[in-house]
Amino acid sequence: MIKTAQRSLSIALITVALAGCKNTTDTEPATCSPPATLVAQAPCESGYTGVLLIASDYKRTTGPNQLVYSIYPQKDTLSDDYTKSAYANFSDDRIIISETVLKDAPKFAVQVTINCSGKLVESQFFAFVKRPTASPGCYVWALQKKG
């Protein structure tokens, strides 16, 4: 009786695993990857209130072009605390993040997740630091280089 139950469970697990596999004749690309490039534009650059994020250099499978943006405001420019996202939302390759999410943070990090045929794949973390400009009241979000 126990062997029959184990055998049935094994068959069910194999069936579920195979159901997730793609046929090699699908027209869907064999690979997909999260954005390798992310640009952050401040209000003076984009004309929007908040920060405009623009993702590029990614490959997706067929279906909706939905990315998940997770935002991590930092208390100072040296912080690298990516343990708890303050905000996450779905969008296409462009999304506007409200200033209220950033809470006057001098730095924020973003991780973008893409759905690759049912598997969520995360990008690297992109960190941006607020920098003043020559124009009064304006600033830019500069991509922080990795050490």
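A quick note: this is a predicted structure, and the numbers were derived from the prediction, not measured. (Residues numbered from 1 in each chain as written. Predicted model: local features only at pLDDT ≥ 70, side-chain atom pairs only at ≥ 80, totals over all residues. Heavy atoms only, no water.)

1. Focus on the overall build of the protein
Next, step 1: The number of helices and strands found in the protein is three helices and eight strands.
Next, step 2: Mapped from its N terminus to its C terminus, the protein presents α and β elements in the order α-β-α-β-β-β-β-α-β-β-β.
Next, step 3: Buried positions account for 31% of the 147 residues belonging to the protein.
Next, step 4: Here the contacts in the protein between residues at least 6 apart in sequence split such that 56% fall between residues at least 24 apart. (Helix = DSSP H or I, 4+ residues; strand = E, 2+ residues; numbered from the N terminus. Buried < 20%, exposed > 50% of the residue type's maximum accessible area, 1.4 Å probe, protein only. Contact = heavy atoms within 4.5 Å.)

2. Considering the sheet that holds strand S7 (residues 119-132)
Next, step 1: As summarised here, the arrangement of the five strands in space is S4-S3-S6-S7-S8, forming an open sheet in which the pairing is antiparallel. Each end of this open sheet is capped by a strand with a single partner; those strands are strand S4 (87-91) and strand S8 (139-143). Direction aside, neighbouring strands of the sheet carry axes that sit 30° apart on average.
Next, step 2: Taken together, the five bridges between strand S3 (residues 67-74) and S4 define a ladder with antiparallel strand orientation. From the neighbouring strand, Ile71 faces S4, where its bridge partner is Tyr87. (Pairing = 2+ DSSP bridges. Axes fitted to C-alpha atoms, helices over the stretch in contact; angles between N-to-C directions.)

3. Notes on the state of the cysteines
Next, step 1: What the rule picks out here adds up to two disulfides.
Next, step 2: Paired through a disulfide, Cys32 and Cys116 show a sulfur-sulfur distance of 1.6 Å. Looking down the S-S bond of the Cys32 and Cys116 bridge, the torsion is -105°, so its handedness is left-handed. Of the two residues, Cys32 sits in the loop between helix H1 (2-19) and strand S1 (37-41) while Cys116 sits in strand S6 (residues 107-116), which places them 84 residues apart along the sequence. Cys116 matches Cys32 in its accessibility class, with the two residues each being buried.
Next, step 3: With its sulfur 1.9 Å from that of its partner, Cys44 forms a disulfide with Cys138. Handedness of the Cys44-Cys138 disulfide follows from its S-S torsion of about -80°: it is left-handed. (Disulfide = S-S within 2.5 Å.)

By themselves, these figures tell us nothing about what the structure is for.
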